[in-house]
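Spelled out from the first residue to the last, the chains are:
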There are 2 protein chains.
Amino acid sequence: MSAASDGPAGPTAPATRDSAVNGDGNPEDTGTTADTGDTADTADTGDTADTGSLGTEATMADVAQRAGVSVSTVSRTLRGLSSVSPQTRGRVEKAARELSFAVSRSASSLVTGKTRRIAVLTPHLDSWFLGSAIAGVSGVLREAELDLLVYSVTDLAQRGAFFDRLPARRNADAMLVACFDLTPEERARLDALGMPVVFVSQHAPGRPSVYIDDVDGAQRGMRHLLNLGHRRIAFLQSSDDTGFYWSSKERLTGYRKTLEEAGLPYDEELVLYPVARHRRGIREAVGHLLSLRNPPTAVFAESDEVAIEVMGVLRSSGVDIPGRMSVLGFDDHHLAEWLDLTTVAQPVEEIGRAAAELARSIIDDPEADPTRHVVFPTRVIPRGSTAPPAPSAHPEPRPDRPARP
Amino acid sequence: MSAASDGPAGPTAPATRDSAVNGDGNPEDTGTTADTGDTADTADTGDTADTGSLGTEATMADVAQRAGVSVSTVSRTLRGLSSVSPQTRGRVEKAARELSFAVSRSASSLVTGKTRRIAVLTPHLDSWFLGSAIAGVSGVLREAELDLLVYSVTDLAQRGAFFDRLPARRNADAMLVACFDLTPEERARLDALGMPVVFVSQHAPGRPSVYIDDVDGAQRGMRHLLNLGHRRIAFLQSSDDTGFYWSSKERLTGYRKTLEEAGLPYDEELVLYPVARHRRGIREAVGHLLSLRNPPTAVFAESDEVAIEVMGVLRSSGVDIPGRMSVLGFDDHHLAEWLDLTTVAQPVEEIGRAAAELARSIIDDPEADPTRHVVFPTRVIPRGSTAPPAPSAHPEPRPDRPARP
DNA sequence: CTGAAAGCGCTTACAG
DNA sequence: CTGAAAGCGCTTACAG
């Protein structure tokens, strides 16, 4: 609780107003938040140039004056154009450094029409999947010295507002649409923007997009389960409650297709759509499966996150994994390895990187093919959550005979 | 595999170049990525105004002309200033709508000096924690019609480059620094910017910041374990390999303080710093604990993510949770509930929201106290991963006698 | 309530 | 290799 002298060099300031939000009435709360005496020294460090107050930003004119050249020359120097003599360059760079000069993006955008900014549209930010994809995007953009603008649109109202106002309109040079199942109207709206749009983790025919083959990925996973001997396999599709559907459809297609190829029946009772992120949904879905006359011996979850939730429910219900029930996920979530979850892996971050590269190439190079797409492979990573079904676990039809003829 | 007519109204275009990245040589890969015939119809929908090509953006002058008024009036109307007659307003709004007009942020920024953009600096994006915090930020900004710029700085080289170039300099009206332990030099650099900086999920004395009381939170968690009867409690601190340390120090302080209060010894052997996100680190840390002469009966992990990893290792080693080892986390990660992990919860998304509000108030209101801070409470959520220690599990000192006098 | 004009800080032909 | 000047698309006093 040291008072009044936290800042490095600030003058002592008027009393500080703290707002401590403490919910549960525990007497210790107020005690521990009582470091009230912080000194109010806002950014008055360093520059004593023109205005005495904060926000003293040098302009190109300041740099020009200091270096004894014209603004044109400063501009040329700082953009690295070669038509500047070494000595002039030196003087300009020195002056710029001394003034901590940074070019105003607003001003240069106005002239060039380029914002040096890429927008990404995403249904949320707090999942491992989208976080990783956006991390990939971010890495590429940083290297290209492009800024990343994030629009997270999480419900239908926001969605409507976004496509109505289209704030990315003149604010970015390109837009990345990640895991966002656009309606035809929304897509038309984006097209009308005249702004390059790249689809991330989803296939948009005729548009640049980066994705995996979900049908194929699901088939690989299914074949792994079939090869282990499973014949009754449930499929758990997650879905937001807001109408964002992701790649579910294609993974389900892969599921069906594999059953078909194996000559196994498609049993509607085994395919469930619990609402993701709501405990009840998954819990009830698992309950449904466990109470079937002929329960499955394996669950294929549409994503690792769902799979982990399923594992939690099964474990707390005393159902042994993989003894009584195998669980298979999709994504290769960071925690999948730790939780020993078998999964169909996809290179999420790389997908983000590829999408950013694609956007960059379309912006920089007008010759770039605006319909190019990049498809990444998936691979099954076998871990401890899948195993052959226990032969005597349930009264089951023989593996070679379909459950319902 | 439908060819050549995917787009709604585009003319048929030259052959499409696909780049399919397929790693594992499986013959099916190429087969499934062969939807090559997509039509190349880029955004030439709708507008046939001036330029025949894309990027036809109406300016305020266009709107003014169409509405038969001056640009000044268009500007005033669109910003909702009251000094415009209803009929003029109507005409302008109609014209703007018909032209799908959107104000150029670059141009207005240049005049007003405001970018209507907030930057967030973060050590990464792919964790539940930061994703949630940023999601909170994002929600508030969307409502305020402010844009969100994300700078993810993940290693030391990037870090140096960021503070060197400081790209947020003139690109945002404020900066949020999330989970980023700044060096004094870095902080000075930010201060010199003359840009409001708000600290998210960390306490910066004398600067606006939003956080929880980590010492107190850790103490609550510890007391829960003590009350259950544990006397040998390990503390697992996570750390990035890049020098970002988070709130570990304060949580460790809480750990020590509680031991002290309880008259228990601080045993260095029980406090570990495995490198997070690297399997080996955690695995070895757990191995160390399990091979002690007098192993702990509980592990307090600095975060839920670490706790979940620990649970995975323990489970795969056949150590029963909580029978042989209780596990306690910190955060209340989305999956903690599913995995039945006892934890010290903090309102992550709310922290992000509060930080964004703080930034907004500092920007909008010059009278706002620039040193205000907001502290959120934590609370223990008891779940199945903690229980009283098994009395006979290990030869242990009696609860009322410290392990090492 | 509305318009003409200046100017925000850059880049870009155009001269030299 | 360098400078003077025009102009990007807005907002903002300043008149009326």
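Note on numbering: residues in each chain are counted from 1, in written sequence order. Working convention: letters from A go to chains and numbers from 1 go to ligands, in the order in which they are written. Given that the model is predicted, a residue must reach a pLDDT of at least 70 before its local features are reported, and side-chain atom pairs must reach 80 or more before they are shown or counted; all residues, however, enter totals for whole chains, interfaces and linings.

Under the annotation held in an unreviewed UniProt entry, chain A carries the name LacI family DNA-binding transcriptional regulator and is attributed to Streptomyces yatensis.

Peer 1: Would you mind going over the protein's contact with DNA strand D with me for this structure?
Peer 2: By nearness alone, 24 residues border DNA strand D, and Ser72 and Thr88 of chain A together with Met60, Ser75 and Ala107 of chain B come closest of all. Residues belonging to the surface near DNA strand D are distributed by class as follows: ten nonpolar, twelve polar and two charged. Should the C-beta atom of a residue, placed from the backbone, lie within 6 Å of a molecule or strand, that residue is near it. Gly is placed with the polar residues, together with every amino acid not listed as nonpolar (Ala, Val, Leu, Ile, Met, Phe, Trp, Tyr, Cys and Pro) or charged (Asp, Glu, Lys and Arg).

Peer 1: So what exactly am I meant to see when it comes to the domain arrangement of chain A here?
Peer 2: Frequently, the measure chosen for interface size is the accessible area removed from exposure when the parts meet. Boundary definitions for the domains trace back to an automatic or database domain assignment. Under the domain assignment, chain A is made up of domain 1 (60-103), domain 2 (113-212 + 349-377) and domain 3 (214-345). Look at where the C-alpha atoms of domain 1 of chain A and domain 3 of chain A centre, and you get two points 61 Å apart.

Peer 1: Any chance you could explain the environment of Asp62 of chain A here in plain terms?
Peer 2: For the purposes of this entry, the term helix denotes a DSSP run of H or I that reaches at least four residues, the term strand denotes a run of E that reaches at least two, and both are numbered from the N terminus. Note that Asp62 of chain A resides in helix 2 (residues 60-67). A C-alpha to C-alpha distance of 71 Å links Asp62 of chain A and Met325 of chain A, two positions 263 residues apart in sequence.

Peer 1: Where do I start with unusual backbone geometry in this structure?
Peer 2: Negative phi values dominate among residues other than glycine, just as trans dominates among peptide bonds. All names here are of chain A. Omega for the bond connecting Ile321 with Pro322 falls within 30 degrees of zero, at 5 degrees, which places this linkage in the cis form. Along the polypeptide, Pro322 turns up in the loop between helix 12 (304-316) and strand 10 (326-331). The phi torsion at Asp331 lies on the positive side, around 135 degrees, for a residue other than glycine. Positionally, Asp331 belongs in strand 10.

Peer 1: It is not clear to me how the UniProt feature "domain: HTH lacI-type" (unreviewed entry) in chain A should be interpreted in this structure. Could you clarify?
Peer 2: UniProt positions are given in the numbering used here, feature names are shortened, and annotations may be inferred rather than shown by experiment. The positions UniProt marks with the feature "domain: HTH lacI-type" (unreviewed entry) are residues 58-112 of chain A. Span residues 58-112 of chain A is 67% helix and 0% strand, its end C-alpha atoms 21 Å apart.

Peer 1: Quick question: what am I supposed to make of the protein's contact with DNA strand C here?
Peer 2: With respect to spatial proximity, 24 residues lie near DNA strand C, and among them Met60, Ser75 and Ala107 of chain A together with Ser72 and Thr88 of chain B are the closest. For the surface near DNA strand C, the secondary structure elements donating two or more residues are helix 3 (71-78) and helix 5 (105-112) of chain A together with helix 3 (71-78) and helix 5 (105-112) of chain B. Ranked by the residues each element gives to the surface near DNA strand C, the list is headed by helix 5 of chain A, at five residues. Class assignment of the residues belonging to the surface near DNA strand C gives a composition of ten nonpolar, twelve polar and two charged.

Peer 1: Would you mind going over helix 4 (residues 86-98) of chain B with me for this structure?
Peer 2: Residues and elements named next belong to chain B. Under the 1.5 Å per step criterion, the end-to-end length of helix 4 is 18 Å for 13 residues, consistent within 8% with the ideal 18 Å. For the exposure call, what matters is how many other C-beta atoms sit within 10 Å of a residue's own: 20 or more marks it buried, 12 or fewer exposed, and in between partly exposed, using C-beta atoms placed from the backbone. Every buried residue belonging to helix 4 is among Val92, Ala95 and Ala96, and all of these are buried. Here the buried residues of helix 4 occupy an arc of 100 degrees about the axis, which is enough to place them on one side. Facing away from the buried side of helix 4 by more than 90 degrees, the exposed set consists of Pro86, Gln87 and Arg97. Summarising the contacts, the buried residues of helix 4 are in contact with helix 2 (60-67) and helix 3. Of the residues trailing helix 4, Ser100 is marked for its positive phi of about 50 degrees. Here, expected helix span is obtained from the residue count minus one, scaled by 1.5 Å. Our arc is simply the arc of the directions from the helix axis toward the C-beta atoms. A pair of residues counts as a contact when their C-beta atoms, built from backbone coordinates, are separated by no more than 7 Å.

Peer 1: Teacher, can you tell me more about the pairing of strand 11 (residues 342-345) of chain B here?
Peer 2: Along a regular strand, successive side chains alternate from one face of the sheet to the other. All names here are of chain B. Here strand 11 shows no split at all, with Thr342 and Val344 on one side and Thr343 and Ala345 on the other all buried. Only when DSSP finds a minimum of two bridges between them are two strands counted as paired. Where strand 10 (residues 326-331) meets strand 11, four bridges bridge the pair, whose relative direction is parallel. The residue bridging Phe330 from the neighbouring strand is Val344, located in strand 11. Sheet analysis places strand 11 next to strand 13 (residues 379-381), joined by three bridges and oriented antiparallel. Within strand 13, the residue paired with Ala345 across the bridge is Arg379.

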